[in-house]
Amino acid sequence: RKSIQFLLSSNLSEVISIFTATIMGFTLLKPVHLLWINLITDCFPALSLGMEKAEKDIMMRKPRSSKDSIFSGGVGFDLIYQGLMVSVLTLAAYFIGHYIEAGVWEITNSPDGMTMAFLTMSMAEIFHSFNMRSRRSVFSIGIFSNRKLTICAALCAALQLIVMTVPPLRVLFDVSVLNIYAVSYTHLTLPTIRL
């Protein structure tokens, strides 16, 4: 159930983000980005979530009715809310990336914006997999208690970093180099003080 909710909310975030970008007239992510997200940052965490141990208080809860759908118990609302949150973060990252690139807020195609959107959606879904482990705080159940998910998340993040930094893969995935120093010197101007 956790895996299904994770996959549905992740895919919903992709649908909302791409639909919004299409309506607004710019390309948010390319097909290769979506394929990577679906195969790497969605698939492996979902499999790891399926191996999550049962929560300690599970036998103290009331049994679910056999007639309940998978969306019962607030799952449907959570799914929509989680999908919207990742979509908002991804779209915000796109516009911030374009502002860093061009120094102006506008709706247009942007290589840096697309790169930031790709990175944000990938990492947001990796972190979202930890969110899906329980309705309780991840600190109360133990951050690293699901070792398979921890290892899987670390590997996915490492693969994402490799894609963003290795030149041949950057060309293959059509991502630009994000440089914090270029940002600070190009678009942030400090006032000069004369003595």
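All residue numbers refer to position in the chain's written sequence, counted from 1. This being a predicted model, a pLDDT of at least 70 is required before a residue's local features are given, and a value of 80 or more before pairs of side-chain atoms are given or counted; all residues contribute to the totals for chains, interfaces and linings. In computing side-chain properties, one takes all heavy atoms of the structure into account and sets aside hydrogens as well as water.

## Looking at the packing of aromatic side chains
Only rings of Phe, Tyr and Trp enter the pairing, Trp through its six-membered ring, and a pair is recorded when the two centres are within 6.5 Å. The plane angle decides the type: under 30 degrees is stacked, over 60 is edge-to-face, the rest tilted. For the coordinates displayed, the defined rule picks out seven aromatic pairs. Taken together, a centroid distance of 4.5 Å and an interplanar angle of 25° make the contact between Phe-26 and Tyr-94 stacked. You can see Phe-26 sitting in the loop between α1 (2–24) and α2 (31–49) and its partner Tyr-94 sitting in helix α3 (residues 75–102), a full 68 residues away along the chain. The same class applies to Phe-26 as to Tyr-94, namely buried. Ring geometry for Tyr-99 and Trp-105: centres 4.4 Å apart, planes at 10°, overall stacked. When a residue's accessible area, from a 1.4 Å probe over protein chains only, is under 20% of the maximum for its type it is buried; when over 50% it is exposed; and in between it is partly exposed. Under the relative-accessibility criterion, Tyr-99 is labelled partly exposed at 29%. What makes Trp-105 exposed here is its relative accessible area of 56%. Chaining the aromatic ring pairs together yields one cluster made of Phe-26, Tyr-94 and Phe-95. Each helix is a run of H or I in the DSSP string that is no shorter than four residues. Each strand is a run of E no shorter than two, and both are numbered from the N terminus.

## Details of the state of the cysteines
A pair of sulfur atoms, both from cysteines and within 2.5 Å, is called a disulfide here. In the structure shown here, the tally under the stated rule is zero disulfides. The cysteine Cys-43 is free of any disulfide, with Cys-152 supplying the nearest cysteine sulfur at 8.4 Å. You can see Cys-152 has no disulfide; the closest cysteine sulfur is in Cys-156, sitting 4.1 Å from it.

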